[in-house]
Amino acid sequence: DGGITQSPKYLFRKEGQNVTLSCEQNLNHDAMYWYRQDPGQGLRLIYYSQIVNDFQKGDIAEGYSVSREKKESFPLTVTSAQKNPTAFYLCASSNTGGLNTEAFFGQGTRLTVV
Amino acid sequence: AQSVTQLDSQVPVFEEAPVELRCNYSSSVSVYLFWYVQYPNQGLQLLLKYLSGSTLVKGINGFEAEFNKSQTSFHLRKPSVHISDTAEYFCAVSDKRDGGFKTIFGAGTRLFVKA
């Protein structure tokens, strides 16, 4: 089945550690996105990529990094510079350049600092 | 600048009553509009979308939305809600920029359906 897969579902991070969240899609979509979701704040864009080997900062990129070496994959690293990383992280993908621009979402990764 | 405002953070409603979740947007170009639903600890699922054509859009689970260009609104409605409609609902706006499409989400409206 076509879709978008995030792993792990739950992730615990110690203070000062970097952690990487995985996002893989087999929808042949060009664009991929990372959002952070906090209670009462909706979705905030961290990074997005419209094509392989290119990505742009979203609204809250500080303390995060991404790579887009393959069309199917867009991993997000939460670095130790991110002071409040506990949140629900959602990855999404969409077509670009066409009318059908709806986003397809993964099931999310819940990151907790311990 | 593009923005999306969902006017109600929480909407409580009794089962079988009608509901309207409000969404206003601002954008300087033609837009595409979406409503998504999120159940607890899940990703978002598309309910419906407006790309062009008829301003009344029908989606899944009996939901519909009306695009009003003059009021820059895209309110979501359902004539009779069920307990299973309890979830968070997000309005989103997508427009073309930098050669691609960028999507902005509203803060969400939490719908509580009571028996």
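Every value quoted in this text rests on a predicted model; they were computed, and no experiment measured them.

(A) Layout of the overall build of chain A. Across its full length, chain A carries zero helices and 11 strands. Mapped in sequence order, the helices and strands of chain A form the string β-β-β-β-β-β-β-β-β-β-β. For 114 residues, the compact-globule formula gives about 13 Å, and the C-alpha radius of gyration of chain A, at 13 Å, lands near that figure. Principal axes of the C-alpha set define a box for chain A whose edges measure 40 × 25 × 25 Å. Sorting the 114 residues of chain A into buried and exposed places 49% on the buried side. Pairs at least 24 apart in sequence give 53% of the contacts found in chain A among residues at least 6 apart.

(B) Here's a closer look at the interface of chain A and chain B. The interface is formed by 25 residues belonging to chain A together with 23 residues belonging to chain B. At the boundary of chain A with chain B, total buried surface from both sides reaches about 2000 Å², with 50% on carbon and sulfur atoms. Taken together, the links from chain A to chain B amount to one salt bridge. A salt bridge links Lys 49 of chain B to Glu 102 of chain A, with the nearest nitrogen and oxygen atoms 2.7 Å apart. Counting across the interface, chain A meets chain B through five residue pairs in polar contact (both at pLDDT 80 or more). Elements with a contribution of two residues or more to the side of chain A that touches chain B: β4 (31-38), β5 (42-51) and β9 (87-94) of chain A. If you tally residues by element for the side of chain A that touches chain B, the top one is β5 of chain A, at five residues.

(C) Here's a closer look at the pattern of salt bridges. Inspection of the entire model under this criterion finds 10 salt bridges over all chains. The shortest N-O distance in the salt bridge between Lys 58 of chain B and Glu 64 of chain B comes to 2.8 Å. Among the residues examined, Glu 64 of chain B registers a relative accessible area of 21% and is labelled partly exposed. Residues Lys 78 of chain B and Asp 85 of chain B are paired through a salt bridge, measuring 2.8 Å at the closest nitrogen-oxygen approach. Judged by relative accessible area, Lys 78 of chain B falls into the buried class, the value being 7%. One connected set of salt bridges, linked through shared partners, spans Arg 36, Asp 38 and Arg 44 of chain A.

(D) Just the packing of aromatic side chains, in detail. Counted under the stated rule, the structure contains 13 aromatic pairs over all chains. Summarising the aromatic geometry, the rings of Tyr 64 of chain A and Tyr 89 of chain A are spaced 5.9 Å apart at their centres and angled 65 degrees between planes, so their arrangement reads as edge-to-face. Note that Tyr 64 of chain A is positioned in strand β7 (residues 64-66) and Tyr 89 of chain A in strand β9, a separation of 25 residues in sequence. As far as the burial class goes, Tyr 64 of chain A and Tyr 89 of chain A line up, both buried. Residues Phe 63 of chain B and Tyr 89 of chain B carry aromatic rings whose centres are separated by 5.4 Å and whose planes lie at 45 degrees to one another, so their mutual orientation is tilted. In this pair, Phe 63 of chain B sits in the loop between β7 (56-58) and β8 (64-68) while Tyr 89 of chain B sits in strand β10 (residues 87-97), placing the two residues 26 residues apart along the sequence. Judged by relative accessible area, Phe 63 of chain B falls into the buried class, the value being 2%. Overall, the relative accessible area of 1% leaves Tyr 89 of chain B in the buried class. Three or more aromatic residues link up through ring pairs in this structure, and these residues are Tyr 33, Tyr 35, Tyr 48 and Phe 105 of chain A together with Phe 34, Tyr 36 and Phe 105 of chain B.

(E) Representation of the sheet that holds strand β3 (residues 19-25) of chain A in the model. Residue and element names in this part refer to chain A. Across the sheet, four strands lie side by side as β1-β3-β8-β7; this open sheet has antiparallel pairing. Two strands bound the open sheet, and with one partner strand each, they are β1 (4-7) and β7. Neighbour-to-neighbour, the strand axes of the sheet open up by a mean angle of 20 degrees, direction not taken into account. With four bridges joining them, β1 and β3 adopt antiparallel strand pairing. Counterpart to Ile 4 in the pairing with β3 is Gln 25.

(F) Up close: the confidence of the model for chain B. Here chain B averages 90 in pLDDT, while 94% of its residues score no lower than 70. Ranking the helices and strands of chain B by mean pLDDT puts strand β3 (residues 19-21) of chain B first, with 98, and strand β11 (residues 100-105) of chain B last, with 75.

The rules we used
Residues numbered from 1 in each chain as written. Chains lettered and ligands numbered in written order. Predicted model: local features only at pLDDT ≥ 70, side-chain atom pairs only at ≥ 80, totals over all residues. Heavy atoms only, no water. Helix = DSSP H or I, 4+ residues; strand = E, 2+ residues; numbered from the N terminus. Rg over C-alpha atoms; globule rule 2.2 N^0.38 Å. Buried < 20%, exposed > 50% of the residue type's maximum accessible area, 1.4 Å probe, protein only. Contact = heavy atoms within 4.5 Å. Buried area = accessible area lost by both parts, 1.4 Å probe. Salt bridge = Lys/Arg side-chain N within 4 Å of Asp/Glu carboxyl O. Polar contact = N/O pair within 3.5 Å; in protein donor to acceptor, adjacent residues only side chain to side chain. Phe/Tyr/Trp six-rings, centres within 6.5 Å; stacked < 30°, edge-to-face > 60°. Pairing = 2+ DSSP bridges. Axes fitted to C-alpha atoms, helices over the stretch in contact; angles between N-to-C directions. pLDDT = per-residue confidence, 0-100.

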